[in-house]
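Structural features, examined
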Amino acid sequence: MAEDSDLEKTEEPTGRRIEQAREQGQVPHSRELGTFLVLVVAAATIWMMGGWFVQRSMALMRKGFLIEAPVMREPALMLPRLAELSGDALLTFSPLLAVMFVAAILPPFFLNAWVFSPKALVPDLKRLNPLSGFGRMFSWSSLMELVKALLKAVLVGGIAALLIWKERDELFGLLSEPLEVGLAHAGHLVSFSFLILVAALVIIVAADVPFQLWQYFDKLKMTKEEVKQEMKEMMGDPHVKGRIRSLQMQAARKRMMAAVPQANVVVTNPTHYAVALSYQAGMAAPKVVAKGVGAVALKIRELAGEHAVPILEAPPLARALYKHTEIDAEIPSALYNAVAEVLAYIYQLANWRQAGGVYPVPPRDLPVPPELVPEAA
């Protein structure tokens, strides 16, 4: 039962899931909203500019029916004449076309669905599968589209019938009006009726937009296992992160061990801790080039013995250096005096190896502040 519940898509889509869907061109869309915006903008434009459209249209008709003698005698002039009239007609109705174009691209902004996805342009052969096509025909989405189509037909047809019945006297009165007055009156009636019919579609839009949003997010719902897997991908698989961290530590340890032969001295605990120090002319302060405890400390001492790097047993200093200094970092200023005595001993030891004489005495009771020394391991 637990496995079945993990496979059910009960979880809301995450932000990453929604973003991935948008990258593939999957965004919420409502055809009814697009249709409504285009029609209502067209109706409003015709309502406000109807008189101008009628005047320009009548002027175009007069110009078109007026055939000049040169055009009649020369058929080749008819095509340029037609192109001129077509250009004038396009210019006349360009405001209507412009506002309709703007209205056509507005719906994605209302649904926060404006996105350009090249992946959506890639042909999908699965859409050619007839079985998938039949499945879409009898799906829940297709049923809703059928219901919306029937609802629109009933709504628009009913309102159209009411408008015709309400304006029946004015419609019959058009027969008795002069031509120009009748055309203007008819245009007013048509534009007003068109605006009312389009406004009625707001009922369809109010129902369709929430349904499309619900359907979109319902399709993107995730199973609990998918949510867990996404969290692993975002936060990183613990096993993979552990492996990477292990490899990083191995690489850092190799670099650290490679620096031991160039160290000036290795300070030990004597067995639990080992810290390799390096100091060259021009450096502001000595720095730690390697440090470790247990097996790592043993390896540092072995490398130091193989490359003749001096080893000094100074437990408090070794523990303080290990605790308060990172690799390739300078030592704390509180340990300057103690490390200075160690380096002085190392220089004396190097001179003894070259010139002989009295063997230098290793420093004892180094001035290490007690607060810097952790408890002995």
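Structure first, text after, so check above.
Predicted, not measured: the structure shown is a model, and the values here were computed from it. (Residues numbered from 1 in each chain as written. Predicted model: local features only at pLDDT ≥ 70, side-chain atom pairs only at ≥ 80, totals over all residues. Heavy atoms only, no water.)

**Notes on the layout of surface pockets**
Our working definition: Cavities and pockets were defined on a 1 Å grid built from protein atoms only: a cavity is a group of points that admits a 1.4 Å probe but offers it no way out, a pocket is an open group of points flanked by protein on both sides within 12 Å along at least five of seven lines, and a lining residue is one with an atom within 4 Å of any such point. Grid points are joined across faces, edges and corners, and a volume is the space filled by probe spheres set on the points. Helix and strand definitions here come from DSSP, where helices need a minimum of 4 consecutive H or I residues and strands a minimum of 2 consecutive E residues; each element is numbered from the N-terminal end. Lys, Arg, Asp and Glu make up the charged group, whereas Ala, Val, Leu, Ile, Met, Phe, Trp, Tyr, Cys and Pro make up the nonpolar group; the residues left over, Gly among them, are polar.
If you add up the space inside the second largest pocket, you get close to 420 Å³. Lining the second largest pocket we find 19 residues, and of these Gly-50, Gly-51, Phe-53, Val-54 and Gly-187 sit closest to its centre. Looking at the lining of the second largest pocket, the elements with two or more residues in it are helix H3 (31-65) and helix H11 (179-200). Here the lining of the second largest pocket gets ten residues from one element, more than from any other, and that element is H3. A breakdown of the residues in the lining of the second largest pocket according to their chemical character gives eleven nonpolar, seven polar and one charged.

**Focus: a nonpolar patch on the surface**
Heads up, the condition is: A residue counts toward a patch only above 30% relative accessible area and without a salt bridge, and it is joined to like-charged neighbours within 9 Å or, for Val, Leu, Ile, Met, Phe, Trp and Tyr, to nonpolar neighbours within 5 Å. With residues, only the protein chains shown are counted as cover, and all accessible areas are computed by Shrake-Rupley using a 1.4 Å probe. When a carboxyl oxygen of Asp or Glu is within 4 Å of a side-chain nitrogen of Lys or Arg, the pair counts as a salt bridge.
Side chains of Phe-101, Val-102, Ile-105, Leu-106, Phe-109 and Phe-110 sit close together on the surface and give an oily, nonpolar patch of about 590 Å² of accessible area. Listing elements by their share of the nonpolar patch, those giving two or more residues are helix H6 (94-105) and helix H7 (107-110). Looking at the nonpolar patch element by element, the count peaks at three residues for H6. You can see Phe-109 is positioned in helix H7.

**Examining the pattern of salt bridges**
We count it as follows: Three exposure classes are used, based on accessible area relative to the maximum for each residue type with a 1.4 Å probe and protein chains only: buried under 20%, partly exposed in between, and exposed over 50%.
The full count for this structure, using the stated rule, is six salt bridges. Linking Lys-63 and Glu-84 is a salt bridge whose minimum nitrogen-to-oxygen distance equals 3.0 Å. Taken as a pair, Lys-63 in helix H3 and Glu-84 in helix H5 (residues 78-92) lie far apart in primary sequence, 21 residues in all. Accessibility expressed as a relative area gives 30% for Lys-63, which makes it partly exposed.

**What about the nonpolar core?**
Inclusion rule: What makes a nonpolar core is a set of buried Ala, Val, Leu, Ile, Met, Phe, Trp, Tyr and Cys residues whose side-chain atoms join them at distances within 4.5 Å. Should any heavy atoms of two residues lie within 4.5 Å, those residues are considered in contact.
Ranked by internal contacts, the top residues of the largest apolar core, which has 24 residues, are Leu-277, Leu-317 and Leu-335. Contributing elements (two or more residues each) for this core: strand E3 (265-268), strand E4 (273-278), helix H16 (315-324) and helix H17 (336-355). Top element by residues in this core is H17. It accounts for seven residues. Apart from the residues within four sequence positions on either side, Leu-277 is in contact with Ala-263, Asn-264, Val-265, Val-267, Lys-287, Val-288, Leu-321, Ile-331 and Val-339. Residues Met-256, Ala-263, Ala-290 and Val-296 belong to the second largest nonpolar core, which totals 15 residues.

**Focus on the packing of H3 against H11**
Which entries qualify depends on this criterion: Think of each axis as a best-fit line through the C-alpha atoms, taken over the contacting stretch in the case of a helix, with angles from 0 to 180 degrees between the N-to-C directions. Note on terminology: angles under 35 degrees are roughly parallel, angles over 145 are roughly antiparallel, angles of 65 to 115 are roughly perpendicular, and the others are oblique. Crossing handedness is read from the near helix: turned anticlockwise from the far helix by less than a right angle, it gives a left-handed crossing, and turned clockwise, a right-handed one.
One way to put it is that H3 packs onto H11 with a least axis distance of 8 Å and a crossing angle of 165°. Relative to H11, H3 is oriented roughly antiparallel. H3 and H11 meet at a crossing whose hand is right-handed. Counting all contacts with H3, which are made through Phe-36, Leu-39, Val-40, Ala-42, Ala-43, Ala-44, Ile-46, Trp-47, Met-58 and Arg-62, the residues of H11 involved are Glu-180, His-188, Ser-191, Phe-192, Phe-194, Leu-195, Val-198 and Ala-199. The residue inventory of the contact of H3 with H11, partitioned by class, reads 14 nonpolar, two polar and two charged.

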